[in-house]
Amino acid sequence: SRQGAARVAPAMARGVGTFKATGTYSYATGDMFCGTVDITGKPAGRGILYYLETGECDVGIFDSKLRQTGEGIRYTKDRDVAYRLIDGELEGGAIDLQEALRIVELEETPAVRTKESIPNPTSYDPARHKQTKAYYVYRQLAGLPLNESAYGPSPYLPVWKADPDE
């Protein structure tokens, strides 16, 4: 009923029953956020923001406008140097890579993502299409989940040491 919907909307606006998942959100600039996303797929928590132009990435807690809050880490293009971020701003000099992983609670340094590391797009390939279709038909017939990609897992999704919500 209309009254039921009116009662639910204010509760959702206050954040009661909010939906969060792990996913990827790509921007027109080529930048990509991987981590916690909200119901619309936009950033809403811990994650990694990959900058396509510079190859750098920031790890921290982000809102839907990509504002980083609290303590975070910026990695250089080659992931060989890390810098501390406070509310999105550089704070001090370079820090040890192991210390950087400890600060942001990551299992490993984020994958490299630059213009050079992304393969060039290809046109439609009937053989590739047939192979991909066969992969999903097999999974369906075998009773396996269909949400696993034929191309393997994304190397860009973060692997956290521990979930703070648990």
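Model, not experiment: these values are computed from the prediction.

Draft legend 1. How the structure looks around the pairing of strand S1 (residues 21–26). For S1 and strand S2 (residues 32–37), the ladder comprises six bridges, and the chain directions are antiparallel. If you follow Tyr 25 over to S2, its bridge partner there is Phe 33.

Draft legend 2. View of the sheet that holds S1. Pairing is antiparallel across the open sheet formed by seven strands, whose spatial order is S1-S2-S3-S4-S5-S6-S7. The open sheet terminates on both sides in strands that have one partner only, identified here as S1 and strand S7 (89–95). On average, adjacent strands in this sheet sit at an angle of 20 degrees to one another, irrespective of strand direction. Of the strand pairs in this sheet, strand S6 (residues 82–86) and S7 are connected by four bridges, and their pairing is antiparallel.

Draft legend 3. The arrangement of the packing of aromatic side chains in detail. Per the stated rule, a full pass over the model turns up four aromatic pairs. Arranged with centres 5.4 Å apart and planes meeting at 75 degrees, the rings of Tyr 50 and Tyr 156 form a pair that is edge-to-face. Of the two residues, Tyr 50 sits in strand S3 (residues 43–50) while Tyr 156 sits in the segment after helix H3 (126–141), which places them 106 residues apart along the sequence. Accessibility expressed as a relative area gives 0% for Tyr 50, which makes it buried. Seen from the ring of Trp 160, Arg 46 lies directly overhead, with NZ or CZ sitting 4.1 Å from the centre.

Draft legend 4. The arrangement of unusual backbone geometry in detail. Its identity as a non-glycine residue notwithstanding, Leu 66 has a phi of 65 degrees, on the positive side. By the secondary structure assignment, Leu 66 is in the loop between strand S4 (57–62) and strand S5 (68–75). A positive phi angle, near 50 degrees, is found at Asp 87, a position not held by glycine.

Draft legend 5. Region of interest: the pattern of salt bridges. In the structure shown here, the tally under the stated rule is eight salt bridges. Here Glu 53 and Lys 115 are joined by a salt bridge, their closest N and O atoms 2.9 Å apart. Within this pair, whereas Glu 53 is found in the loop between S3 and S4, its partner Lys 115 is found in the loop between helix H2 (97–104) and H3, the two being separated by 62 residues in sequence. Here Asp 63 makes a salt bridge to Arg 67, at a shortest N to O gap of 2.8 Å. According to the relative accessible area criterion, Asp 63 is partly exposed, its value standing at 23%. For Arg 67, a relative accessible area of 49% corresponds to the partly exposed category.

Draft legend 6. View of the nonpolar core. By size, the foremost hydrophobic cluster in this structure holds 17 residues, and its most contacted members are Tyr 50, Val 59, Ile 73, Tyr 75 and Leu 106. Broken down by secondary-structure element, the contributors of at least two residues to this core are S2, S3, S4, S5 and H2. Considering each element in turn, this core owes the most residues, four residues, to H2. With near-sequence residues (within four places) excluded, Ile 73 lies in contact with Cys 57, Asp 58, Val 59, Ala 82, Tyr 83, Arg 84, Leu 85, Ile 95, Ala 100, Ile 103 and Val 104.

Draft legend 7. Highlighting the pairing of S2. Most of S2 sits out of view: six of its six residues are buried. What sits between the antiparallel neighbours S1 and S2 is a turn of five residues, in which Gly 30 has the positive phi angle 100 degrees. Both S2 and S3 contribute to a ladder of five bridges, which runs antiparallel. For Val 37, the partnering residue across the bridge sits in S3 and is Pro 43. Between the end of S2 and the start of S3, which pair antiparallel, lie five residues, with Gly 41 showing a positive phi angle near 90 degrees.

Criteria and cut-off values
Residues numbered from 1 in each chain as written. Predicted model: local features only at pLDDT ≥ 70, side-chain atom pairs only at ≥ 80, totals over all residues. Heavy atoms only, no water. Pairing = 2+ DSSP bridges. Helix = DSSP H or I, 4+ residues; strand = E, 2+ residues; numbered from the N terminus. Axes fitted to C-alpha atoms, helices over the stretch in contact; angles between N-to-C directions. Phe/Tyr/Trp six-rings, centres within 6.5 Å; stacked < 30°, edge-to-face > 60°. Buried < 20%, exposed > 50% of the residue type's maximum accessible area, 1.4 Å probe, protein only. Lys NZ or Arg CZ within 6 Å of the ring centre and 35° of its normal. Salt bridge = Lys/Arg side-chain N within 4 Å of Asp/Glu carboxyl O. Core = buried A, V, L, I, M, F, W, Y, C linked by side-chain atoms within 4.5 Å. Contact = heavy atoms within 4.5 Å.

Note that every value here comes from positions in space, so none of it alone points to a role or purpose.
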